[in-house]
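An overview of the molecular structure
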Amino acid sequence: MGEVTLNHYLYLSAILFFIGAFGVLFRQNLLVILMSVELMLNAVNLSFIAFARHSAGTMDGHVIAFFVMALAAAEAGIGLAILVMLFRNRTTVQAGDLTLMRD
Amino acid sequence: MAILFYLFAALAVLGGLLMVSLRNPLSGAFSLILSLVSLAGLFAMLQAEFVFILQVLVYAGAIMVLIIFTIMLLNLNKDELAEPPVGWMRLIFTALVCAVAAFGAIRVFGDITPVQMEPAPDFGSIEGVGRLMLSDFLYPFEVISLILLVAVVGVVLLAKKVI
Amino acid sequence: MEDIRPMSNLLWIIPVAPLAGAVLNGLLALIYSGREKGPNERLVSLIGCAAPLLSFAVVVRLFMAMRGMAAEARIFESTLFTWIAAGPVQIDFAYWVDALSMTMLLVVTGVGSLIHIYSTGYMHGDRGFARFFSYLNLFMFAMLTLVMAKNLPLLFVGWEGVGLCSYLLIGFWYKDIANAAAGKKAFIVNRVGDFAFLIGMFILFMVTMNLGNATLDVPELRAMAAVHHEAFAKVAVAACILLFIGACGKSAQIPLYVWLPDAMAGPTPVSALIHAATMVTAGVYMIARLNFVYEMAPAASAVVAVVGAATAIFAASIGFAQRDIKKVLAYSTVSQLGYMFLAVGVGAYAAGVFHLVTHAFFKACLFLGAGSVIHGLSGEQDMFRMGQLSKHMKTTWLTFLISAIAIAGIPPLAGFFSKDEILWSVFNAHVGPAWLPRVLWVVGLATAGMTAFYVFRAVFLTFHGKDNVSHEAKHHLHESPPAMTMPLIVLAAGAAVVGCLGVPAAIGGSNIFHHWLEPVFAGHAGGHGVGVGMGASHGAVTIAAAAESHGSAQLEIILMIVSVVVATAGILFARLLYVQMPGAAAAFTTRLGGFYTLVFNKYYIDELYERAIVRPGYAIADKLMFRLIDAGIIEGIVNGLGITARLFGASFRLLQSGVVRTYAFFMLMGFLYLVYELVR
């Protein structure tokens, strides 16, 4: 199996990121979209931590990951609030039904 | 060591794939939790103890619980979950672009020669993170707290029935 | 009178005074344009006549000074400002007055002033009084610029300016569309000539440029032509013919004369000033000015002479059948101009200019007299509705008669001397094949007879003969006011007396006029200005210095007698037809039948032009230029740009779908592309 190097972590991070991107672009359910965004953010976090470990011993990556998490929390909260409001007015969580900007 | 890595990696990818393909968002949420916990394991392997704890507590714990709350709240039944099929054209186009991205990734990652060194004994500790946050990253730290405050206020406002 | 510099400083007054008058009267006309009545006629007349009179005064002063100068040094020049400075070329707004220019200046300002005074009476009561004087002064400015120009471009400025004023004045009563059309015709036909003039000018410019000193200054051109004879001679024929075509347009020779008869639509003072005395002589002046180039191209000079002679006899023949008194005079002008071109064509430049001067006097007098008649008859212009006016309009009759005798060429009035000098020069000319001068002389002689005939036909029909005046016109019939009769008297006196300036040596005179102009027309650096006409240069026309010898003097006298006899015969024939046997004329015309109709309709030349040139031109302008090129191609391009912009917009609009996830998609794509670029 060999040594697990930085490159392994980075490849994994990329794969997870694109899976999340796929979810954002091709799923219609708003909740799934939101969760895909969370997945993307996590992939980036992994990337930062991996770099922090394999660089000159500074822990900047950890701090940044911390900030990302805090932001993800805030964003998830607000996104869900919006989603709930939307559901109250439209009784739908399908992205395809929200066509106000297009029409 | 390597086995652990591949195990955690496989679990994370599996969780991700399940999440984007399953129709029921609740199932997707659980798959995501699986993915997040695996990632926490990977953090631990990278000697980021503090972040590992944070990931489990905050991400898998708080955020995902919040999302599951909302899913339950919405109480969607089967027909409401139906989605139109994905357009083939967009899929292929995206796949092509991702291939390009892969090529880019290989180019970049292939060239990086990581610095192999033994980290300090307190690498990844809370104390280390705290020290950095209050010195180099003081300004972002304060801003983040502001953002959280704004987020809380915003959520409360948005969730009210009458504004 | 040694220091001429202060004198030269006065030069600018000559053209600028009329320009100021034009501007002032123009402003007055503009200010009053919305009101019912125009500005005060007294004021307008004052401004309008003071300007040319001031110019005349300055000209006379300069003339006096010039007479005191030595013959070769008789030049005033003054440079006002640099007009064009482009690379090697510098064209200044510069005046250059020599003996020839001075002669022209005297004629233009003198006769011009008289006609201005006449116009105060003729145009009295016309709503456009101020506008008329403004245009008339503007014309003076342009003509004076033309005459005084030192270089050809400035001459061309004056050339165009007189063309413009001619258009403005012919179509003065523009409310009648026929007048406007006549003005348009004059301008367009002129333009055709101007085009050729420009090309000729360019050719001369090219020659000087190739020689290293690019210039169009007439004195410089003359000097260069003397030195670089071959270079100039190569292009001389082309340049001369092109310049002559320009002169044809301006001076109404075949084939560009058609505008002059139509120009009679303008007020009579206009016909007198512009189409008799000044503008139409610009062509003759130009050729006289550029005599050194014409010398180098005997072929071109021959063409000039032939065209001049042909025009003379052609126009005279049309004058036989016209009913409108002004048209008779118009064709007469064309014919007399033909004489002038005949003269300069055979190298007798001084003779041509002399005829120009005498013609200015008697033709202007004839026109003004016709105007007086028309004025007195309240607008009647058909001679067959006049008659016996000698009893009612004595002054007009007398002055008209004197001028008629002058133009017929009866001694001792002016026309005889000038016409005879031309005929004598033609007889002795060496131009073209050997038989040509004799043929030209015969043509000239015949034309002289015809001139006498049709002029006196006009005289008899108008002032004698049967009284055909309509009843209404009889009521208002009166002699014209002093403002109109005074210039008539002055001009008639001039027509009678000016001949003294050119009495040839053969009958004891000293030909002052010819000697005055000698320095201008002397040949190349050598200056063999002996005898009547041009100096010597190889192949060019030379009037034999043998005019000095007695043998030729006898011949000259004989020829003079011949021409007098011919002229008298013409007069008597006219008297026969129109006074003594009134019915004979009518019988004559019916016998000639078709031929008469041909002549009466001016040989249908206008109709020919209409068919051959105007209609195809119109068709091209409409079908090709307008429909195809303008509306089709150019508008197509412009519209196409708009349509293209719209198409672009429409396609780009598709990107703004309103679906946010599509935007996210594009963002991802863009991001990936950036990554790709970064790692390349």
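The numbering scheme is per chain: residues are counted from 1 as the chain's sequence reads. Lettering of chains starts at A and numbering of ligands starts at 1, both following the order in which they are written. Per-residue local features of the predicted model are confined to residues with pLDDT of at least 70, and side-chain atom pairs are confined, for both listing and counting, to 80 or more; whole-chain, interface and lining totals are unaffected and use all residues. Only hydrogens and water are removed before side-chain values are computed, so all heavy atoms of the structure are retained for them.

Focus on the overall build of chain A
Definition in use: The helix and strand labels rest on DSSP assignments: H or I over at least four residues marks a helix, E over at least two residues marks a strand, and numbering proceeds from the N terminus. Any two residues whose heavy atoms approach within 4.5 Å are treated as being in contact. Accessible surface is estimated by sampling points in the Shrake-Rupley manner with a 1.4 Å probe; for residues, cover comes only from the protein chains shown.
A tally of helices and strands in chain A yields three helices and zero strands. Along chain A, from the amino end to the carboxyl end, the secondary structure elements read α-α-α. In chain A, of all internal contacts separated by at least 6 residues, the share reaching a separation of at least 24 is 58%. Accessible area for chain A stands at about 3,900 Å²; split by element, carbon and sulfur atoms hold 67% of it.

Considering the interface of chain B and chain A
Think of interface size as the accessible area that goes away when the parts come together; that is how it is often given. For the record, the criterion: By buried area we mean the combined loss of accessible area, with a 1.4 Å probe, across both parts when two parts are placed together. A carboxyl oxygen of Asp or Glu within 4 Å of a side-chain nitrogen of Lys or Arg is what we treat as a salt bridge. Two N or O atoms count as a polar contact when they lie within 3.5 Å, although within protein this holds only if one can serve as hydrogen donor and the other as acceptor, and sequence-adjacent residues are included solely when both atoms are side-chain atoms. In this classification, the charged set is Asp, Glu, Lys and Arg, the nonpolar set is Ala, Val, Leu, Ile, Met, Phe, Trp, Tyr, Cys and Pro, and all remaining amino acids, among them Gly, are polar.
With 79 residues of chain B at the contact, the number on the chain A side is 69 residues. Summed over both sides, the interface between chain B and chain A buries roughly 6,800 Å², with carbon and sulfur atoms accounting for 78% of that surface. There are zero salt bridges connecting chain B and chain A. Between chain B and chain A we count eight residue pairs in polar contact (both at pLDDT 80 or more) in total. For the side of chain B that touches chain A, the secondary-structure elements that each account for two or more residues are helix H1 (2-21), helix H2 (25-45), helix H3 (49-74), helix H4 (88-111), helix H5 (126-135) and helix H6 (138-159) of chain B. Counting residues per element, the side of chain B that touches chain A draws most heavily on H3(B), at 13 residues. Of the residues belonging to the side of chain B that touches chain A, the class tally is 60 nonpolar, twelve polar and seven charged.

A look at the packing of helix H5 (residues 129-148) of chain C against helix H6 (residues 152-170) of chain C
Residues and elements named next belong to chain C. Put simply, the test is: Note on geometry: axes are C-alpha line fits, over the in-contact stretch for helices, and angles between N-to-C directions span 0 to 180 degrees. Orientation is classified from the angle alone, with under 35 degrees giving roughly parallel, over 145 giving roughly antiparallel, 65 to 115 giving roughly perpendicular, and any other angle giving oblique. The crossing is said to be left-handed when, going from far helix to near helix, the turn is anticlockwise and less than a right angle, and right-handed when the turn is clockwise.
Running from N to C, H5 and H6 cross one another at 155°; their axes reach a closest spacing of 7 Å. Relative to H6, H5 is oriented roughly antiparallel. H6 is crossed by H5, and the crossing has left-handed handedness. Together, Phe132, Tyr135, Leu136, Leu138, Phe139, Ala142, Met143, Thr145 and Leu146 of H5 and Leu154, Leu155, Gly158, Trp159, Gly161, Val162, Cys165, Leu168 and Leu169 of H6 make up the contact between the two elements. Class assignment of the residues belonging to the contact of H5 with H6 gives a composition of 15 nonpolar, three polar and no charged.

Here's the deal with the pattern of salt bridges
All names here are of chain C. Keep this limit in mind: Exposure categories follow from relative accessible area, calculated using a 1.4 Å probe and restricted to protein chains: below 20% of the type maximum is buried, above 50% is exposed, and the middle band is partly exposed.
On inspection of all chains with the given rule, the structure shows eight salt bridges over all chains. Close ionic contact of Lys150 with Asp217 constitutes a salt bridge, the shortest N to O distance being 3.8 Å. Taken together, the positions of Lys150 in the loop between H5 and H6 and Asp217 in the loop between helix H7 (177-210) and helix H8 (218-227) put the pair 67 residues apart, joining distant regions of the chain. Asp217 carries the same exposure label as Lys150, and that label is buried. A salt bridge links Glu160 to Arg191, with the shortest nitrogen-to-oxygen separation between them at 3.0 Å. Note that Glu160 is positioned in helix H6 and Arg191 in helix H7, a separation of 31 residues in sequence. One salt-bridge network, in which partners are shared between bridges, spans Glu77, Lys150 and Asp217.

Some points on the pairing of strand S1 (residues 76-86) of chain C
Residues and elements named next belong to chain C. Formally: Should DSSP find at least two bridges between two strands, the strands are taken to pair.
Bridge count for S1 against strand S2 (residues 89-97) is nine bridges, and the pairing is antiparallel. Across the sheet, the residue bridging to Ala86 is Val89, located in S2. Where S1 hands over to S2, the hairpin turn is made up of two residues, of which Gly87 adopts a positive phi near 65°.

Some remarks on helix H18 (residues 414-427) of chain C
Heads up, the rule is: By this rule, a helix spans an expected 1.5 Å times one less than how many residues it contains.
The end-to-end C-alpha separation of H18(C) is 20 Å, in line with the 20 Å expected for 14 residues at 1.5 Å each. Where burial is concerned, most of H18(C) is hidden: 14 out of the 14 residues are buried.

Quick look at the interface of chain C and chain B
Counting from both sides, the interface comprises six residues of chain C and, opposite them, nine residues of chain B. Between chain C and chain B, the buried area comes to about 770 Å², and carbon and sulfur atoms account for 83% of it. For the chain C face of the interface with chain B, the top three residues by lost area are Phe665(C), Leu672(C) and Val679(C), together amounting to 58%. The interface formed by chain C and chain B contains zero salt bridges.

Focus on the nonpolar core
Convention followed: Residues enter a nonpolar core if they are buried and are Ala, Val, Leu, Ile, Met, Phe, Trp, Tyr or Cys, with the set joined through side-chain atoms within 4.5 Å.
Residues Phe76(C) and Ile287(C) are the most contacted members of the largest nonpolar core, which totals 194 residues. Sort the elements by how many residues they give to this core and helix H16 (residues 349-376) of chain C lands first, with 17 residues. Discounting chain neighbours no more than four positions away, the residues touching Ile287(C) are Phe244(C), Ala247(C), Tyr294(C), Val304(C), Phe341(C), Val344(C) and Tyr349(C). Within the second largest apolar cluster, 79 residues are counted, among which are Phe26(A), Ala43(A), Ala72(A) and Phe43(B).

Quick word on the confidence of the model for chain A
Put simply, the rule reads: Think of pLDDT as the predictor's per-residue confidence, scored from 0 to 100.
Mean pLDDT over chain A works out to 88, with 96% of the residues at or above the 70 mark. Highest mean pLDDT in chain A belongs to helix H2 (residues 30-53) of chain A (93); lowest belongs to helix H1 (residues 6-26) of chain A (88).

Regarding the packing of aromatic side chains
Counted only if it meets this: Only centres within 6.5 Å qualify two rings of Phe, Tyr or Trp (six-membered ring in Trp) as a pair; their planes then separate them into stacked at under 30 degrees, edge-to-face at over 60, and tilted for everything else. Whether a charge lies above a ring is judged from NZ of Lys or CZ of Arg, which has to be within 6 Å of the ring centre and within 35 degrees of the ring normal.
Within the structure shown, the criterion is met by 30 aromatic pairs over all chains. Seen in terms of ring centroids, Phe22(A) and Phe26(A) are 5.0 Å apart; in terms of plane orientation they differ by 35°. Their pairing is tilted. Within this pair, Phe22(A) and its partner Phe26(A) are both found in helix H1, separated by four residues, close to a single helical turn. By relative accessible area, Phe26(A) is classed as buried at 6%. Three or more aromatic residues link up through ring pairs in this structure, and these residues are Phe129(C), Phe132(C), Phe133(C), Tyr135(C), Phe172(C) and Trp173(C). Seen from the ring of Tyr32(C), Arg35(C) lies directly overhead, with NZ or CZ sitting 4.6 Å from the centre.

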